[in-house]
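# Breakdown of the fold
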Amino acid sequence: MLRSALIGLVAGQRSLTPLAVLAGAARDGLLPDSPRATRLLGNPLIASGAVALAGLEMAGDKMDSAPDRTVKRGLAVRVMTSAFAGAVLAPRGKGALGAATAVTAAIASAYAGLALRKKAMRDYGQVPTGVVEDAVVLAGGLAVTRAA
């Protein structure tokens, strides 16, 4: 369940990054025992869309008008993407537990990450802290989806 929990942490910070890194893992044949998810995420149109949406989310996060990640809509998207990603990365036969684990981690991560980001923004500003957060989240997502 570790991978499911870790992808939940990623989703708590950037709701669409889990789908983008899963699409890359599907393309490279790295998804564990998930033939349907691999076919879905490996579809070039879906994979490109996931990556584009994740990039747009990262860009939008730097705008002054960006809502907090804990607004209802933001949490709802995090719940959906983390549940899907957590189920895909869970051990065979444990998809529901993987989904629940990822959702729990995503919600906790969203609140903790928002508090840390707001504190860092006071000292360093919105754009620099967002860029650092994006790098950490992307690296974390890639590490989780490419772990053996």
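Remember, it's a predicted structure, so these values are computed and weren't measured experimentally.

### Some points on the overall build of the protein chain
If you tally the helices and strands in the protein chain, you get seven helices and zero strands. Taken over the C-alpha trace, the protein chain has a radius of gyration of 15 Å; the compact-globule value for 148 residues is 15 Å, and the two agree within 12%. The C-alpha extent of the protein chain, read off along each of the three principal axes, is 45 × 30 × 25 Å. Partitioning the contacts of the protein chain with sequence separation of at least 6, the portion at a separation of at least 24 is 79%. Surface exposure of the protein chain reaches about 7,800 Å², of which carbon and sulfur atoms provide 69%. Counting 17 positive and 9 negative side-chain charges, the protein chain places the averaged centre of each group 7 Å from the other.

### A short note on helix α1 (residues 2-13)
Between its first and last C-alpha, α1 extends 17 Å over twelve residues, near the 16 Å set by a 1.5 Å rise per residue. Buried-residue contacts for α1 involve α2 (17-27), α5 (72-89), α6 (95-124) and α7 (126-146).

### Brief notes about α5
Given a rise of 1.5 Å per residue, 18 residues ought to cover 26 Å, and the 25 Å separating the end C-alpha atoms of α5 matches this to within 8%. Within α5, burial applies to G74, L75, R78, T81, S82, A85, G86, V88 and L89. In an axial view of α5, the angular spread of the buried residues amounts to 160°, which keeps them on one side of the axis. Exposed residues on α5 whose side chains face more than 90 degrees from its buried face are K72, R73 and M80. Looking at the packing, one finds that the buried side of α5 touches α1, α2, α3 (35-42), α4 (44-60), α6 and α7.

### Here's the deal with the packing of α2 against α4
Orientation of α2 relative to α4, taken along the N-to-C sense of each, is 145°, at an axis distance of 8 Å. Our pair here, α2 against α4, has a crossing hand that is left-handed. Contacts between α2 and α4 involve T17, L19, A20 and A23 on the former and, on the latter, A47, A50, V51, A54, E57 and M58. For the contact of α2 with α4, the per-class residue count stands at eight nonpolar, one polar and one charged.

### Regarding the pattern of salt bridges
Per the stated rule, a full pass over the model turns up ten salt bridges. The salt bridge partner of D61 is R14, with a shortest N-O separation of 2.9 Å. Of this pair, D61 sits in the loop between α4 and α5 while R14 sits in the loop between α1 and α2; the two residues are 47 residues apart in sequence, bridging distant segments of the chain. For the pair shown, D61 and R14 are each scored as buried. Note that R27 is salt-bridged to D28, the shortest N-O span being 3.0 Å. The exposure class of D28 is partly exposed, given its relative accessible area of 40%. Shared partners join several salt bridges into a network, and the residues in it are R14, D61, K62, R69, R117, E133 and D134.

### Overview of the UniProt feature "transmembrane region" (unreviewed entry) in the protein chain
According to UniProt, the positions carrying the feature "transmembrane region" (unreviewed entry) are residues 96-116. Split by type, residues 96-116 is 100% helix and 0% strand. Its first and last C-alpha atoms lie 30 Å apart.

Criteria and thresholds
Residues numbered from 1 in each chain as written. Predicted model: local features only at pLDDT ≥ 70, side-chain atom pairs only at ≥ 80, totals over all residues. Heavy atoms only, no water. Helix = DSSP H or I, 4+ residues; strand = E, 2+ residues; numbered from the N terminus. Rg over C-alpha atoms; globule rule 2.2 N^0.38 Å. Contact = heavy atoms within 4.5 Å. Areas by Shrake-Rupley, 256 points an atom, 1.4 Å probe, with all protein chains shown as cover. Lys, Arg positive; Asp, Glu negative; His and termini not counted. Charge placed at Lys NZ, Arg CZ, Asp CG, Glu CD. Expected span 1.5 Å × (residues − 1). Buried < 20%, exposed > 50% of the residue type's maximum accessible area, 1.4 Å probe, protein only. Arc of directions from axis to C-beta. Axes fitted to C-alpha atoms, helices over the stretch in contact; angles between N-to-C directions. Left-handed = near helix turned anticlockwise from the far one by under 90°. Nonpolar A, V, L, I, M, F, W, Y, C, P; charged D, E, K, R; others polar. Salt bridge = Lys/Arg side-chain N within 4 Å of Asp/Glu carboxyl O. UniProt positions renumbered as here; feature names shortened; annotations may be inferred.

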